[in-house]
Amino acid sequence: MQKIQDQILLRALDDVAFDGWSLEVVQSAAAQEGFEADVVRAVFPSGLTDVLVHFSDYADRLMLKALEGIDIEELRVRDRINLAIISRFEALEPYKEAVRLSVPFWARPFSQLRGGKIVWRSADVIWNLAGDTSDDYNFYTKRTLLSGILISATPVWLDDREPSMQKTRNFVDKRIGNVMQFGKIIGRIKR
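So, here's what we can say about the structure. All residue numbers refer to positions counted from 1 along the written sequence of the respective chain. This being a predicted model, a pLDDT of at least 70 is required before a residue's local features are given, and a value of 80 or more before pairs of side-chain atoms are given or counted; all residues contribute to the totals for chains, interfaces and linings. Hydrogens and water are ignored here; the side-chain numbers use all heavy atoms of the structure.

1. Concerning the pattern of salt bridges
Reasoning step 1: Whenever Lys or Arg places a side-chain nitrogen within 4 Å of a carboxyl oxygen from Asp or Glu, that contact is recorded as a salt bridge. By the definition in use, this model includes 14 salt bridges.
Reasoning step 2: For Lys 96, the salt bridge identified is with Glu 93, shortest N-O distance 3.5 Å.
Reasoning step 3: Residue classification places Lys 96 among the buried positions, given a relative accessible area of 9%.
Reasoning step 4: For Glu 93, a relative accessible area of 35% translates into the label partly exposed.
Reasoning step 5: Between Asp 132 and Arg 143 there is a salt bridge whose closest N-O contact spans 2.8 Å. In this pair, Asp 132 sits in the loop between α7 (112-129) and α8 (137-159) while Arg 143 sits in helix α8, placing the two residues 11 residues apart along the sequence. Note on accessibility: Asp 132 and Arg 143 belong to one class, buried.
Reasoning step 6: Each member of the salt-bridge network shares a partner with another, and the members are Asp 124, Asp 132, Lys 142 and Arg 143. We call a residue buried when its accessible area falls under 20% of the maximum for its residue type, exposed when it is over 50%, and partly exposed in between, using a 1.4 Å probe and counting protein chains only. Under the DSSP-based scheme used, a helix requires at least four consecutive residues in state H or I and a strand at least two consecutive residues in state E, with every element numbered from the N terminus.

Here is the structure:
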């Protein structure tokens, strides 16, 4: 099913930049790929919401693929997180306008909870990649804080016109530094 979803999504992304996100764009993409109309309902039963959730999942898989050749164990945890976030943005670069056009969808009141869950899921993927094995409150704290970084970094990345993404890199690095400081303060308080 994922292969069919990817095929429809990738075709739809060609048109989203011009026509925006809509179920009609997705249905047209499916038809262009040779699928019957009921295939869209079968693979994306919740309609456009499922398509955009799949888009996020696709971005996570692109990020993981981009990091396959890197010995992540050689990096500090902070650098692992930073590299993963930047790699995810780099993977999404060809689809930047589609990401921009998805923001209003996730900002709608009835979509915010689901949108928060998919960001949290991406944060979980990144922490798992970084080797996090916590199973106490730290598990949730780390993912919540990283979700905040992902959410706040997205508009910076969307407005970053530099090919090197230096503005985005600086922002992400600074936010991670803030979170690390917060962690140290909490550690001191516990002691």
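There's more to say after this.
2. Observations concerning α7
Reasoning step 1: Residue count minus one, scaled by 1.5 Å, sets the expected span of a helix. End to end, α7 covers 26 Å across 18 residues, agreeing with the expected 26 Å (1.5 Å per residue, within 8%).
Reasoning step 2: Those residues of α7 that sit buried are Gly 115, Ile 118, Val 119, Ser 122, Ala 123, Asp 124, Ile 126 and Trp 127.
Reasoning step 3: Residue contacts are defined here by distance: any two heavy atoms, one from each residue, within 4.5 Å place the two residues in contact. In the core, the buried residues of α7 are packed alongside α4 (48-66), α5 (77-92), α6 (96-107) and α8.
Reasoning step 4: Phi for Gly 131, located one or two positions after α7, is positive at around 95°.

3. Things to note about the side chain of Asp 6
Reasoning step 1: Here Asp 6 shows up in helix α1 (residues 2-19).
Reasoning step 2: Under the rule applied, a polar contact is a pair of N or O atoms within 3.5 Å (in protein, one hydrogen donor and one hydrogen acceptor; residues adjacent in sequence only if both atoms are side-chain atoms). At 2.6 Å, the side chain of Asp 6 and the side chain of His 54 are in polar contact.
Reasoning step 3: Excluding residues within four positions of it along the chain, Asp 6 makes contact with His 54, Tyr 58 and Arg 61.

4. Topic: the nonpolar core
Side chains that are nonpolar tend, in soluble globular proteins, to be buried together.
Reasoning step 1: Only buried residues count toward a nonpolar core. Its members are Ala, Val, Leu, Ile, Met, Phe, Trp, Tyr and Cys residues joined through side-chain atoms within 4.5 Å. Residues Ile 8, Trp 21, Phe 55, Ile 81, Ile 85, Ile 126 and Leu 146 are the most contacted members of the largest nonpolar core, which totals 51 residues.
Reasoning step 2: By residue number, the principal contributor to this core is α4, which donates eight residues.

5. Comments concerning unusual backbone geometry
Reasoning step 1: We note that Met 165 has phi near 55°; this positive angle belongs to a residue other than glycine.
Reasoning step 2: Within the secondary structure, Met 165 sits in the loop between α8 and α9 (166-190).

6. So, the environment of Ala 42
Reasoning step 1: Here Ala 42 lies in helix α3 (residues 37-43).
Reasoning step 2: The spatial distance from the C-alpha of Ala 42 to the C-alpha of Met 1 is 9.3 Å, given a sequence separation of 41 residues.

7. Re the packing of aromatic side chains
Reasoning step 1: Two rings belonging to Phe, Tyr or Trp (six-membered ring only in the last case) form a pair when the distance between their centres is within 6.5 Å. Interplanar angles under 30 degrees mark stacking, angles over 60 mark edge-to-face geometry, and anything in between is tilted. Under the counting rule described, the total for this entry stands at eight aromatic pairs.
Reasoning step 2: Taking 6.3 Å as the distance between ring centres and 85° as the angle between the ring planes, the aromatic pair formed by Phe 55 and Tyr 95 counts as edge-to-face. Within this pair, whereas Phe 55 is found in helix α4, its partner Tyr 95 is found in the loop between α5 and α6, the two being separated by 40 residues in sequence.
Reasoning step 3: A relative accessible area of 4% means that Phe 55 is categorised as buried.
Reasoning step 4: Through a chain of ring-to-ring contacts, three or more aromatic side chains come together here, namely Trp 21, Phe 55, Tyr 58 and Tyr 95.
Reasoning step 5: Working rule: Lys NZ or Arg CZ, within 6 Å of ring centre, within 35 degrees of ring normal, means a charge sits over the ring. The ring of Trp 127 has Lys 142 lying over it, and the distance from NZ or CZ to the ring centre is 5.0 Å.
Reasoning step 6: Looking at Arg 143, its charged tip hangs above the ring of Phe 139, at a distance of 3.8 Å from the centre.

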